[in-house]
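Descriptive structure summary
Letter by letter, the chains look like this.
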Amino acid sequence: MDKLKQLLAGLFMGANGATLLFLWVCCACTWADPSAFPLLSVATLAFPIFLLVNVAFVVFWLVFKPRCALVPLLGIALVGSFVLDYCPLQWKRQVPDGSLLLMSYNTAGAYGGENAHVLLDYLRHTDADIVCLQEVAAPTLQTPEAKRHIDSLHYQLVQKDGRSVLSRLPIISDTVPLPIGSTRTGNGTLACLVEYQGDTLMIVNNHLESNGITLDEKTEYKDMLLDPNTSKVKSSSRLLVGKLARAAKVRGAQVDSLCQFLDAHSTRSMLVCGDFNDTPVSYTHRMLSNRLVSSFRESGFGIGLSYNQIGFFVRIDHVFHSADWESHSTHIDTEISLSDHYPMLTFLHKKGK
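Just so you know, these numbers come straight off a predicted model, no measurement behind them.

**Looking at the overall build of the protein chain**
From N to C terminus, the protein chain includes 11 helices and 14 strands. Evaluated residue by residue, the protein chain yields a buried proportion of 50% over its 353 residues. Of all intrachain contacts in the protein chain linking residues separated by at least 6 positions in sequence, the fraction that spans at least 24 positions is 73%. For the protein chain, the accessible area works out to roughly 16,600 Å², and carbon and sulfur atoms hold 60% of it.

Shown next as structure tokens:
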């Protein structure tokens, strides 16, 4: 019996070691340039799966062999920074007086009609100082009703190819040149300059390369999870991985261009946000975190699922800020269902002000 226990313990420890290795590989893949190695970028999506399995191993070992729980605990600790990027545990702190409220929201194509009314009412409800929208049709915010609404909220508006910035801070420059290239209409970046307390603040609103997965394909993926037929799994998985890899390749080049732009303006105070179509464990997030501070990592709590459609539950919307700012109470607002995204909101306070 003792030999059997030792054998089983060895097998479980081997399985635990393998899942830790896969967890580390997911993190290591964030250093691989998606432009050259797009499949490695797709591999990072498995991070939460292997993290969850290792947490389960911690519980298993605590019940059956407590000393062995040190193995998954230490293994997780080695990639603790990635764990906190994915699931920060920052309790809510009091928001300092004079903080700005920024909202980033992919509206999934708010094209007039009832959707426009919902969006405009939501802008009034949130009362944000800076609003960065992605996938909003230009005419939606140009109707007489919308203009009256925007004026009543004291916003100035800048728009470009589906991306909009509404700011209560005076806009100094409508747009700052930032070509990043895209294969899809509506993807790209909009940068503008605003004035804040006598200083210049750069706002960069992004919508990086979409994965191009259709609603039917998402439904098929969900059906595959509920009824894993071998042939269906193979065909659907190949299609899904292929689309994700192609989009990751384009996104890698976009991120490199964006980072070159940020480096060229590294002395500026800036807020960078939007739909990046990449999770917190990715090349995109790591490259931006090397230059800026992630608001959700700094003042968010939990996983914060900002994308919510049919089996795809991830956080691909992010807000970053330069080191002269600090964020408070960053959160995902799940109360509005206009889009397949939820808005991310964060209070930002300028240090020393």
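**Considerations on the sheet that holds strand β8 (residues 269-275)**
Taken in spatial order, the six strands make up an open sheet running β5-β6-β7-β8-β12-β9, and their pairing is mixed. Of all strands in the sheet, those bounded by a partner on one side alone are β5 (171-173) and β9 (293-294). Bridging between β9 and strand β12 (residues 317-321) involves two bridges; their strand directions are antiparallel. If you follow S294 over to β12, its bridge partner there is F320.

**A few points about the sheet that holds strand β4 (residues 163-167)**
What the six strands build is an open sheet, ordered β3-β4-β2-β1-β14-β13; its pairing is mixed. Strand pairing shows two members of the sheet lacking a second neighbour, β3 (156-160) and β13 (325-332), which therefore form its edges. The mean angle between the axes of side-by-side strands here comes to 15°, regardless of whether they run parallel or antiparallel. Both β13 and strand β14 (residues 344-350) contribute to a ladder of six bridges, which runs antiparallel. For W325, the partnering residue across the bridge sits in β14 and is K350.

**A short note on the pairing of strand β2 (residues 130-134)**
With five of five residues buried, β2 lies mostly within the body of the structure. Of the two faces of β2, the one holding I130, C132 and Q134 and the one holding V131 and L133 are both buried throughout. Here strand β1 (residues 100-106) runs beside β2; their pairing, made up of five bridges, is parallel. Note on β2: the bridge partner recorded for M103 is V131.

**A few points about the environment of F296**
Along the chain, F296 turns up in helix α11 (residues 295-299). Accessibility expressed as a relative area gives 3% for F296, which makes it buried. Separated by 33 residues in sequence, F296 and S329 place their C-alpha atoms 8.4 Å apart. Sequence-distant contacts of F296, that is, excluding residues within four places in its chain, are made with P88, F301, G302, I303, G304, R315, V319, T330, H331, I332 and M344.

**Observations regarding the pattern of salt bridges**
Per the stated rule, a full pass over the model turns up six salt bridges. Each of D199, D324 and K350 takes part in salt bridges that share partners, so that together they form one network.

**Observations regarding unusual backbone geometry**
One non-glycine residue with positive phi stands out, namely D127, at about 55°. Here D127 lies in the loop between α6 (113-126) and β2. Positive phi outside glycine occurs at H154, with the angle close to 65°. Take H154: its relative accessible area is 62%, and that puts it in the exposed class.

The rules behind the values
Residues numbered from 1 in each chain as written. Predicted model: local features only at pLDDT ≥ 70, side-chain atom pairs only at ≥ 80, totals over all residues. Heavy atoms only, no water. Helix = DSSP H or I, 4+ residues; strand = E, 2+ residues; numbered from the N terminus. Buried < 20%, exposed > 50% of the residue type's maximum accessible area, 1.4 Å probe, protein only. Contact = heavy atoms within 4.5 Å. Areas by Shrake-Rupley, 256 points an atom, 1.4 Å probe, with all protein chains shown as cover. Pairing = 2+ DSSP bridges. Axes fitted to C-alpha atoms, helices over the stretch in contact; angles between N-to-C directions. Salt bridge = Lys/Arg side-chain N within 4 Å of Asp/Glu carboxyl O.

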